[in-house]
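Reading the structure
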Amino acid sequence: MIKERLAELVEEASDGALTAPEALSATVPLSALGLTSVGQMRLIDAIETEFGVEVDLTEQGLELLDDLDRLATHLEAR
C-alpha cells in the first residue's frame, strides 16, 4: 500500500511525466525515467507531509528516491 501511494506521489511530483504504473514497474532508477531534480524536491515535500518523516538530503537519502521498493521499505521501518 505504501509503495502504491509513493507511486502516486511520484506521478504528482513529476506533473505526470512519470506515471504511477511506470514508477511501480520501474527496473531502472526513477531519475532515468524522467524524475527530475525539481520532481525529487517536490516528492520529498510530499513524503514529508504525507508520512510525517524527514527525508535525509544526503546522497544516501536521495538515492532512496530513485527506488520505490527501497523507499517503501525504509518508510515501513519507521
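Predicted model only: the values in this text are computed from it and were never measured.

Tallied over the entire structure, the rule returns five salt bridges. For Asp 15, the salt bridge identified is with Arg 42, shortest N-O distance 2.9 Å. Taken together, the positions of Asp 15 in the loop between helix 1 (2-13) and helix 2 (20-24) and Arg 42 in helix 3 (residues 37-51) put the pair 27 residues apart, joining distant regions of the chain. The class of Arg 42 is partly exposed, set by a relative accessible area of 36%. Where salt bridges share partners, they join Arg 5, Glu 8, Glu 12 and Glu 50 into one cluster.

With that settled, consider helix 1. Taking 1.5 Å per residue, 12 residues should reach 16 Å; helix 1 reaches 16 Å between its end C-alpha atoms and fits that length. Of the surrounding elements, those touching the buried residues of helix 1 are helix 2, helix 3 and helix 5 (68-77). Positive phi shows up at Asp 15, right after helix 1, with a value of about 55°.

Moving on, we get to the packing of helix 1 against helix 5. Packing of helix 1 against helix 5 brings their axes to within 9 Å, and their N-to-C directions diverge by 120°. The angle between helix 1 and helix 5 places the two elements in the oblique class. For the element pair helix 1 and helix 5, the recorded crossing hand is right-handed. For the pair formed by helix 1 and helix 5, the contact residues are Ile 2, Lys 3, Leu 6, Ala 7 and Val 10 on the first element and Leu 68, Asp 69, Leu 71, Ala 72, Leu 75 and Glu 76 on the second. Per-class residue counts for the contact of helix 1 with helix 5 are eight nonpolar, no polar and three charged.

A positive phi angle is found at Asp 15, which is not glycine, with a value near 55°. Asp 15 sits in the exposed class, given a relative accessible area of 60%.

Here we come to the environment of Phe 51. Secondary-structure assignment places Phe 51 in helix 3. For Phe 51 and Ile 2, which are 49 residues apart along the polypeptide, the C-alpha to C-alpha distance reads 9.6 Å. In this structure Phe 51 touches Ile 2, Arg 5, Leu 6, Leu 9 and Leu 75, once residues within four positions along its chain are discounted.

Bringing helix 5 into the picture now. The complete set of buried residues in helix 5 reads Leu 68, Leu 71, Ala 72 and Leu 75. Buried positions in helix 5, seen along its axis, are confined to an arc of 100° and lie on one side of it. With respect to the buried face of helix 5, the exposed residues turned more than 90 degrees away are Thr 73 and Ala 77. If you follow the buried residues of helix 5, they end up packed against helix 1, helix 2, helix 3 and helix 4 (59-64). Of the residues that open helix 5, the one with a side-chain oxygen 3.0 Å from the backbone nitrogen of Asp 69 is Asp 67.

Basis of the calculations
- Residues numbered from 1 in each chain as written.
- Predicted model: local features only at pLDDT ≥ 70, side-chain atom pairs only at ≥ 80, totals over all residues.
- Heavy atoms only, no water.
- Salt bridge = Lys/Arg side-chain N within 4 Å of Asp/Glu carboxyl O.
- Helix = DSSP H or I, 4+ residues; strand = E, 2+ residues; numbered from the N terminus.
- Buried < 20%, exposed > 50% of the residue type's maximum accessible area, 1.4 Å probe, protein only.
- Expected span 1.5 Å × (residues − 1).
- Contact = heavy atoms within 4.5 Å.
- Axes fitted to C-alpha atoms, helices over the stretch in contact; angles between N-to-C directions.
- Parallel < 35°, antiparallel > 145°, perpendicular 65-115°, else oblique.
- Left-handed = near helix turned anticlockwise from the far one by under 90°.
- Nonpolar A, V, L, I, M, F, W, Y, C, P; charged D, E, K, R; others polar.
- Arc of directions from axis to C-beta.
- Polar contact = N/O pair within 3.5 Å; in protein donor to acceptor, adjacent residues only side chain to side chain.

Any functional reading would require information beyond the geometric quantities listed.
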